[in-house]
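Residues per chain are reported as follows:
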Amino acid sequence: AATSVARMAARFAGLPYTFTAHARDIFHKKTQADDLRCKLRDAAAVITVSEYNLNFLRETYGSVAARVERVHNGLDLARFPYTAPDHRTNVIVAIGRLVEKKGFSDLIDACAVLARGDTEFRCEIIGTGELVVDLRGQAERLGLKNRIKFMGALPQTDVIEHVRRAAVLVAPSVIGSDGNREGLPTVLPEAMALGTPCVATTLTGIPEAIQDGRTGLLVSPHDPPSLAAAIKRLLVNPALRVELAARARNLAETDFDLYRNTRHLREIFAGSVPEAH
């Protein structure tokens, strides 16, 4: 919707416009292909946040998507200081809106698998959304009321502290029934920067950040037993946590640094503006 306004304003003012296409803009079932094609065609530059999104746009929209460029979301890494995760308690943390595409139902099922295997853990789910009642009910039915805590929405400073203390961050993303899916959840590079090892699914742009066995662990979506096994690997193996976390921090510094990525954005914007403007 913001790009619709920018496109009209640009037409009235005789100025160029640019926009960023996030996952919902690209994959949601309400996305109108003809509308997006016009926006891609008329924009002076288009950004998207993952190689997966970039490839999808170019394959789907052809020549009008030729000027789309991938720029990862950036972090102010000074706000996300690294600490090694070797001496952390068995806390699992997950963050996001409580909606289908986040896959939190699979995480709750994975927690049930861990509990049946006598793994000691506590799970914190941070966020609010339309599925809060359903997810709470699922946790209670599975006997996890004392294991899983729904934290609600928290300020970013508190979120950072919860992630910094956790042994594992889990992003069990799935494709929603409405076609919506993640592009590359920002919570992953945030956790990587802080030194919290991640377990995530193989969807969309996630493997660009979480490289299986190198910067984190990946499992297939909708596979709670595999999700539980990956989480347990990290809970019981501090040395593996440290190994993955160190590589993940290096990747965060290389690919997700705010200042490096905004410099790239400025270059794209400068190159897209005619001399007259």
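Residues numbered from 1 in each chain as written. Predicted model: local features only at pLDDT ≥ 70, side-chain atom pairs only at ≥ 80, totals over all residues. Heavy atoms only, no water.

Caption draft 1: Spotlight on the sheet that holds strand E8 (residues 198-201). Read from one edge of the open sheet, six strands run E6-E5-E4-E7-E8-E9, paired in parallel fashion. Strands with a single pairing partner mark the edges of an open sheet, and in this sheet they are strand E6 (148-152) and strand E9 (217-219). The average angle at which neighbouring strand axes cross in this sheet is 25 degrees, direction not considered. Bridge count between E8 and E9: three bridges; the pairing is parallel. Each residue of the ladder has a partner; that of Val 199, found in E9, is Leu 217. Helix-sheet contacts for helix H9 (residues 224-236) involve strand E4 (91-95), strand E7 (168-171), E8 and E9, and the interaxial angle to E9 is about 165 degrees. (Pairing = 2+ DSSP bridges. Helix = DSSP H or I, 4+ residues; strand = E, 2+ residues; numbered from the N terminus. Axes fitted to C-alpha atoms, helices over the stretch in contact; angles between N-to-C directions. Contact = heavy atoms within 4.5 Å.)

Caption draft 2: Looking closely at the pairing of E4. Counting buried positions over the five residues of E4 gives five, a clear majority of the element. In E4, alternate side chains face the same way, and those of Val 91, Val 93 and Ile 95 on one face and Ile 92 and Ala 94 on the other are all buried. Pairing between E4 and strand E5 (residues 122-126): five bridges, direction parallel. Bridging across to E5, Ala 94 finds its partner in Ile 125. What joins E4 to E5 is helix H5 (residues 104-116), and the crossover it makes is right-handed. When E4 meets E7, the two strands line up parallel, connected through two bridges. Note that in E7 the partner of Val 93 across the bridge is Leu 169. (Buried < 20%, exposed > 50% of the residue type's maximum accessible area, 1.4 Å probe, protein only. Right-handed = clockwise from strand over helix to strand, strands pointing away.)

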